[in-house]
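# Summary of the model geometry
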Amino acid sequence: MPYFEMFPTEHQQMQKHRSKVLGVEPYFHDDVFVRASEIGAWTEIGRGSYLVESTFGDYSYTAGHAQIIYADVGKFCSIASHVRINPGNHPMWRVTQHHMTYRRQQYGFGPDGTEVFAWRRSNRVTVGHDVWLGHNVTLMPGVNVGHGAVVGAGAVVTKDIDPYTVAVGVPAKPIRQRFTDAQAGALIEIAYWDWDHEMIKDRFDDLLDIDVFVEKYG
């Protein structure tokens, strides 16, 4: 029996999202949670994702079940499913690192502590423009991922990644560059991600060829 006949409601939801047309208002799939965050235009937040105290730039999207906390995500970012940006660290310097030491009220130990939450907030993650984070990538607290970088599926990023660098593994390490240094430098200088929608539309075909693009706009 076809999937859509077994689960008609789920199939209808899939069809609805596939036929979407993005616009200046963010597009949210089902079961999305957003708190104290700024989300740009032409964005799509996949099913089961949540954003907490974060910014999410124009044209970026999550494929689903992404967790983004205390982070600044640039424009044109492609975030695969089950990506975790800024997982919560625990206070290893305490006798016990269990969260009862700061979520005290749940356990009857008095008012919650605030210092651990302030510490987590102070270690924001920065993701540049045009970054691709593969399936199940984890970006640890405080790291910076440069413009145009690619992080391979399953990688755990513990150190900064340079612009236009492809990094893979646990911990993530660079394996190659997407473009030459000259091309990468030109792209950063051009900063196409700051063009308005009509300008991108007019120059769309040029985005498909790095040599043409750099020569024309560099």
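Right, let's walk through the structure included here. (Residues numbered from 1 in each chain as written. Predicted model: local features only at pLDDT ≥ 70, side-chain atom pairs only at ≥ 80, totals over all residues. Heavy atoms only, no water.)

Moving on, we come to the packing of helix 4 (residues 181-190) against helix 6 (residues 210-217). Two numbers describe how helix 4 lies on helix 6: the axes approach to 10 Å, and their chain directions differ by 55°. One element, helix 4, and the other, helix 6, form an angle in the oblique class. The element helix 4 and its partner helix 6 pack so that their crossing is left-handed. Only I210, D211, F213, V214 and Y217 of helix 6 make contact with helix 4, whose side of the interface consists of Q183, A186, L187 and I190. Tallied by class, residues from the contact of helix 4 with helix 6 come to seven nonpolar, one polar and one charged. (Axes fitted to C-alpha atoms, helices over the stretch in contact; angles between N-to-C directions. Helix = DSSP H or I, 4+ residues; strand = E, 2+ residues; numbered from the N terminus. Parallel < 35°, antiparallel > 145°, perpendicular 65-115°, else oblique. Left-handed = near helix turned anticlockwise from the far one by under 90°. Contact = heavy atoms within 4.5 Å. Nonpolar A, V, L, I, M, F, W, Y, C, P; charged D, E, K, R; others polar.)

Along the polypeptide, T43 turns up in the loop between strand 3 (38-39) and strand 4 (44-45). Residue classification places T43 among the buried residues on the basis of a relative accessible area of 0%. In this view, T43 contacts L22, G23, P26, Y27, F56, G57, D58, Y59 and S60; residues no more than four positions away in its chain are not counted. (Buried < 20%, exposed > 50% of the residue type's maximum accessible area, 1.4 Å probe, protein only.)

Turning next to the pattern of salt bridges. The tally for this structure, following the rule as stated, stands at nine salt bridges. Here R121 makes a salt bridge to E53, at a shortest N to O gap of 2.8 Å. Of this pair, R121 sits in helix 3 (residues 115-121) while E53 is found in the loop between strand 5 (50-52) and strand 6 (55-56), placing the two residues 68 residues apart along the sequence. (Salt bridge = Lys/Arg side-chain N within 4 Å of Asp/Glu carboxyl O.)

Residue position: A41 is located in the loop between strand 3 and strand 4. What makes A41 buried here is its relative accessible area of 17%. Along the chain, A41 and A149 lie 108 residues apart, while their C-alpha atoms are 22 Å from each other. For A41, the contacting residues outside a window of four places in its chain are G23, V24, D58 and Y59.

Sheet analysis places strand 16 (residues 150-151) next to strand 18 (residues 165-168), joined by two bridges and oriented parallel. Each bridged residue has a counterpart across the sheet, and for V151 the counterpart in strand 18 is A167. Looking at chain direction, strand 18 and strand 19 (residues 173-177) are connected through four bridges and run antiparallel. Its bridge partner being in strand 19, V168 is matched across the sheet by K173. A loop of four residues connects strand 18 with strand 19, the two strands running antiparallel in sequence, and G169 in this loop sits at a positive phi of about 100°. (Pairing = 2+ DSSP bridges.)

Here V170 and P171 are connected by a cis peptide whose omega angle stands at -5°. Checked against the element boundaries, P171 lands in the loop between strand 18 and strand 19. Here the phi dihedral of E53 falls at roughly 45°; this positive angle occurs in a residue that is not glycine. Of note in this structure, A191 is not a glycine but carries a positive phi near 55°. By the element assignment, A191 lies in the loop between helix 4 and helix 5 (197-202). Residue classification places A191 among the buried residues on the basis of a relative accessible area of 14%.

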